[in-house]
Amino acid sequence: MHEAALRDPPRSPSEETPHQHDDRLARASALAGCAPVPARWGNVLAGTAGWTDPTLVKSQRFYPKGASSPEQRLKFYASQFPVVEVNSTYYALPATAMVAQWVQRTAPDFVFNMKAFAPLTQHPVEPARLPADVQRALPPALLDRRRLYPGDLPAEARDVLWERFRQAVEPLRQARKLGYVLFQFPPWFTATRGNVRVIEDCRARMEGIPLAIELRHASWGEPDRIERVVDFLRDLEAFYVIVDEPQGKENSMPPTPLVADPRLAVARFHGRRAETWGASVSVNEKFRYVYDPAELDPWAETVARLSREAERVHAIFNNCVSDYAVLGARGLMALLARRAESLGRAPAPELADSTVH
């Protein structure tokens, strides 16, 4: 499969930003210009959820002229950031050969996080996005559906998807460039015993692979449950994903900064567009958000504390519209460096190997 085929589904063509009439974007850009390059502070690595987003390329605010091929863009991205989260693998299984190319195109200490293929996390998938041989083995009635849920697929087909995904991850694991595989469960995945068993099955199927678990239904984050959830993930040797996102909705988790596994703390930043959170809008509309420095400043303090509680921290910005995620990731690192300088504190020591084993 070609790399271009793994890009996210087309986003809204609109390039308008809700912040263009104020100076929020200007403040974010000015702060980002003060960030270390690459965007690393001690044992904290910052990056974005992808490097091929069409709106990022079209914005002409990140890639230099001449960086027009997938190889050139990945090499430039890796010169600016020490980590990336591959979001496109949620939409289609990547070819193992292409993942091996990612390894070859980046420095030995560059880290990839990979988002699990949709059916592996209880999400539906378009039949056309399944491997060709899996499609051929399905009953015609299933192929006529617009979307298929994991339960619609025969057990044999599900097993094939798990095995293919493991094969795709293997080049990163072998090269010691795999940070984690992200298992982001859907908003309707509630805190039940049955769903606890689903998470346990994911852990068993991905034995030997570092997992990060992102929960989205508010029931997991209730005050009397959240610490038990984190303890559960600690027992599974899985990482708890801390989120920044709109609050007060069924599909909102609180930004509780807890560490399940001391090897790695993970924070993902989704933006704060409350009006589109859970609404039937395009991905572009949902995540079109520029973080103001004032919004990131408390996170700098939180991430600094996480850096002392965990061996390493990944801060991933998922507001991937135009260069907004780039600005957020750089801005957070600039604030961390500025905060440390003002307090006279050194960052937690940088580890030679930034992956988890």
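Structure first, text after, so check above.
I will try to describe carefully the structure that is included in this document. Keep in mind that this is a model prediction, so the values were computed, not measured.

**Details of the nonpolar core**
(1) Moving on: Residues Phe 165, Val 181, Phe 183 and Ile 199 are the most contacted members of the largest nonpolar core, which totals 105 residues.
(2) Moving on: If we ignore the near neighbours within four places in the chain, the residues touching Phe 183 are Ala 116, Leu 120, Thr 121, Trp 162, Cys 202, Met 206, Leu 211, Ala 212, Ile 213 and Glu 214.
(3) Moving on: Judged by nonpolar contacts, the second largest core, of seven residues, contains Leu 25, Ala 28, Ala 32 and Val 321.

**Things to note about the side chain of Arg 273**
(1) Moving on: Inspection of the secondary structure assignment puts Arg 273 in the loop between strand S8 (265-269) and helix H10 (283-286).
(2) Moving on: Here Glu 275 takes part through its side chain, which lies 3.1 Å from a polar atom of the side chain of Arg 273.
(3) Moving on: Polar contacts involving the side chain of Arg 273 include one to the main-chain carbonyl oxygen of Glu 285, which spans 2.8 Å.
(4) Moving on: When neighbours within four sequence positions are excluded, Arg 273 is seen to be in contact with Pro 246, Glu 285, Lys 286, Arg 288 and Tyr 289.

**Looking at the pairing of strand S3 (residues 83-86)**
(1) Moving on: Burial along S3 is two-sided: Val 83 and Glu 85 and Val 84 and Val 86, pointing in opposite directions, are all buried.
(2) Moving on: Two elements, S3 and strand S4 (residues 111-115), share four bridges in a ladder whose sense is parallel. Paired with Val 83 across the two strands is Val 111, which belongs to S4.

**Things to note about unusual backbone geometry**
(1) Moving on: The omega torsion across Val 37 and Pro 38 is -5 degrees, close enough to zero to call that bond cis.
(2) Moving on: Relative to the assigned elements, Pro 38 resides in the loop between helix H1 (24-32) and strand S1 (40-41).
(3) Moving on: A positive phi angle, near 60 degrees, is found at Arg 176, a position not held by glycine.
(4) Moving on: Looking at where Arg 176 falls in the secondary structure, it is placed in the loop between helix H7 (155-174) and strand S5 (178-184).

**A word on the packing of aromatic side chains**
(1) Moving on: Within this structure, the stated rule accounts for 23 aromatic pairs.
(2) Moving on: Judged by centre distance (5.9 Å) and plane angle (15 degrees), the ring pair of Trp 102 and Phe 112 falls under stacked. Pair noted here: Trp 102 is in helix H4 (residues 96-104) and Phe 112 is in strand S4, with a separation of ten residues, a long-range link. For the pair Trp 102 and Phe 112, a shared accessibility class is recorded, and that class is buried.
(3) Moving on: Ring geometry for Tyr 291 and Phe 317: centres 5.7 Å apart, planes at 90 degrees, overall edge-to-face. You can see Tyr 291 sitting in the loop between H10 and helix H11 (293-309) and its partner Phe 317 sitting in strand S9 (residues 313-317), a full 26 residues away along the chain. Each member of the pair, Tyr 291 as well as Phe 317, is classed as buried.
(4) Moving on: Lying over the aromatic face of Tyr 90, Lys 115 brings its terminal NZ or CZ to 4.5 Å of the ring centre.
(5) Moving on: The positively charged end of Lys 286 is found above the aromatic ring belonging to Trp 277, 4.5 Å away from the centroid.

Reading guide: rules and limits
Residues numbered from 1 in each chain as written. Predicted model: local features only at pLDDT ≥ 70, side-chain atom pairs only at ≥ 80, totals over all residues. Heavy atoms only, no water. Core = buried A, V, L, I, M, F, W, Y, C linked by side-chain atoms within 4.5 Å. Buried < 20%, exposed > 50% of the residue type's maximum accessible area, 1.4 Å probe, protein only. Contact = heavy atoms within 4.5 Å. Helix = DSSP H or I, 4+ residues; strand = E, 2+ residues; numbered from the N terminus. Polar contact = N/O pair within 3.5 Å; in protein donor to acceptor, adjacent residues only side chain to side chain. Pairing = 2+ DSSP bridges. Phe/Tyr/Trp six-rings, centres within 6.5 Å; stacked < 30°, edge-to-face > 60°. Lys NZ or Arg CZ within 6 Å of the ring centre and 35° of its normal.

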